[in-house]
Amino acid sequence: SQQGEEDPQALSIQEGENATMNCSYKTSINNLQWYRQNSGRGLVHLILIRSNEREKHSGRLRVTLDTSKKSSSLLITASRAADTASYFCATDASGGGADGLTFGKGTHLIIQP
Amino acid sequence: DVKVTQSSRYLVKRTGEKVFLECVQDMDHENMFWYRQDPGLGLRLIYFSYDVKMKEKGDIPEGYSVSREKKERFSLILESASTNQTSMYLCASSPLLSGQYNEQFFGPGTRLTVL
């Protein structure tokens, strides 16, 4: 399967700063989703953006989608220590032939107090 | 709130044993999924099911089988556990809306160690 790729693999910033992580993918999509995973736990859905949308907001989260470049970015503003986690993008490929979501390998975000 | 539960948080088994991992969801979702998660490899889909008694292979089905006898329950079976199946196993469920795969709800995971 063709995975999304998050960039960077790891990111360490100071509390209060903004964190930006990127996701690139290879196929046409119906939607792209971002998930968070705290250490040793299951994933939690953060936000979904459909292929006909360019930007979406949810609280301190801002997601953009550029289908021409096959890329997305997740911005977390005013970061907090509790935002320390791994973040994954997942794509729902369009055009059939793919089943379910395809997840990237994740960005590990550390917020320094 | 949607709840997805997995039968064990930690499990230790011996090589050659038959292992059952159970997952239950309480939101009447059509779709259920089993993933394994390994460092540096992300989440990889093992099997999924879109209806009772229906199953489809994911990316890495070898060495695994599944069972979905009831809509709320999806079981992952390791027929003969091997050390390379030591991993974190994650179950998820989701509704199928408008023909798209939407938000998935994950269980807490089962960390399986095969000795």
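Computed from a predicted structure; not experimentally measured.

Turning to the nonpolar core, a few remarks are in order. Membership of the largest hydrophobic core comes to 22 residues, with the highest contact counts inside it found for Leu 32, Trp 34, Leu 74, Ile 76, Tyr 87 and Leu 109 of chain A. Breaking this core down by element, the ones donating at least two residues are strand S2 (10–14), strand S3 (19–24), strand S4 (29–37), strand S5 (43–50), strand S7 (61–66), strand S8 (71–76), strand S9 (85–93) and strand S11 (107–112) of chain A. By size, the runner-up hydrophobic cluster in this structure holds 20 residues, among which are Val 4, Cys 23, Tyr 64 and Cys 91 of chain B.

Let's shift gears to the environment of Ser 65 of chain B. Residues and elements named next belong to chain B. Its place among the elements puts Ser 65 in strand S7 (residues 64–70). Ser 65 sits in the buried class, given a relative accessible area of 16%. Expressed as a C-alpha distance, the spacing of Ser 65 and Ile 77, which sit 12 residues apart in the sequence, is 5.1 Å. Among residues more than four places away in sequence, those in contact with Ser 65 are Tyr 47, Ser 75, Leu 76, Ile 77 and Glu 79. Within polar-contact distance, the side chain of Ser 65 engages the side chain of Glu 79 at 2.8 Å.

As a further point, take the interface of chain B and chain A. Between chain B and chain A, the residue contacts involve 21 residues of the former and 23 residues of the latter. Of the roughly 1,800 Å² buried between chain B and chain A on both sides combined, carbon and sulfur atoms contribute 49%. The largest per-residue losses of area from chain B upon contact with chain A belong to Leu 43, Gln 100 and Tyr 101 of chain B, which jointly make up 28% of the total buried on that side. Across the contact surface, chain B and chain A share zero salt bridges. The interface formed by chain B and chain A contains five residue pairs in polar contact (both at pLDDT 80 or more). Of all elements in the fold, only strand S4 (31–38), strand S5 (42–49), strand S9 (87–94) and strand S11 (100–101) of chain B reach the threshold of two or more residues within the side of chain B that touches chain A. Residue classes in the side of chain B that touches chain A are distributed as 11 nonpolar, seven polar and three charged.

Residue and element names in this part refer to chain A. Taken in spatial order, the five strands make up an open sheet running S1-S3-S8-S7-S6, and their pairing is antiparallel. In the strand order of this sheet, the two ends are held by strand S1 (5–7) and strand S6 (55–58), each with one partner. Across the sheet, the axes of successive neighbouring strands diverge by a mean angle of 20°, strand direction being ignored. Two elements, S7 and S8, share six bridges in a ladder whose sense is antiparallel. Pairing of Arg 62 across the sheet is with Leu 75, part of S8.

This part covers the state of the cysteines. Tallied over the entire structure, the rule returns two disulfides over all chains. The residue that forms a disulfide with Cys 23 of chain A is Cys 89 of chain A, at a sulfur-sulfur distance of 2.0 Å. An S-S torsion of about 65° defines the bridge between Cys 23 of chain A and Cys 89 of chain A as right-handed. Of this pair, Cys 23 of chain A sits in strand S3 while Cys 89 of chain A sits in strand S9; the two residues are 66 residues apart in sequence, bridging distant segments of the chain. Under the relative-accessibility criterion, Cys 23 of chain A is labelled buried at 2%. On the accessibility criterion, Cys 89 of chain A (0% relative accessible area) is buried. Disulfide pairing is shown between Cys 23 of chain B and Cys 91 of chain B; the S-S distance is 1.9 Å.

What counts and what doesn't
- Residues numbered from 1 in each chain as written.
- Chains lettered and ligands numbered in written order.
- Predicted model: local features only at pLDDT ≥ 70, side-chain atom pairs only at ≥ 80, totals over all residues.
- Heavy atoms only, no water.
- Core = buried A, V, L, I, M, F, W, Y, C linked by side-chain atoms within 4.5 Å.
- Buried < 20%, exposed > 50% of the residue type's maximum accessible area, 1.4 Å probe, protein only.
- Helix = DSSP H or I, 4+ residues; strand = E, 2+ residues; numbered from the N terminus.
- Contact = heavy atoms within 4.5 Å.
- Polar contact = N/O pair within 3.5 Å; in protein donor to acceptor, adjacent residues only side chain to side chain.
- Buried area = accessible area lost by both parts, 1.4 Å probe.
- Salt bridge = Lys/Arg side-chain N within 4 Å of Asp/Glu carboxyl O.
- Nonpolar A, V, L, I, M, F, W, Y, C, P; charged D, E, K, R; others polar.
- Pairing = 2+ DSSP bridges.
- Axes fitted to C-alpha atoms, helices over the stretch in contact; angles between N-to-C directions.
- Disulfide = S-S within 2.5 Å.

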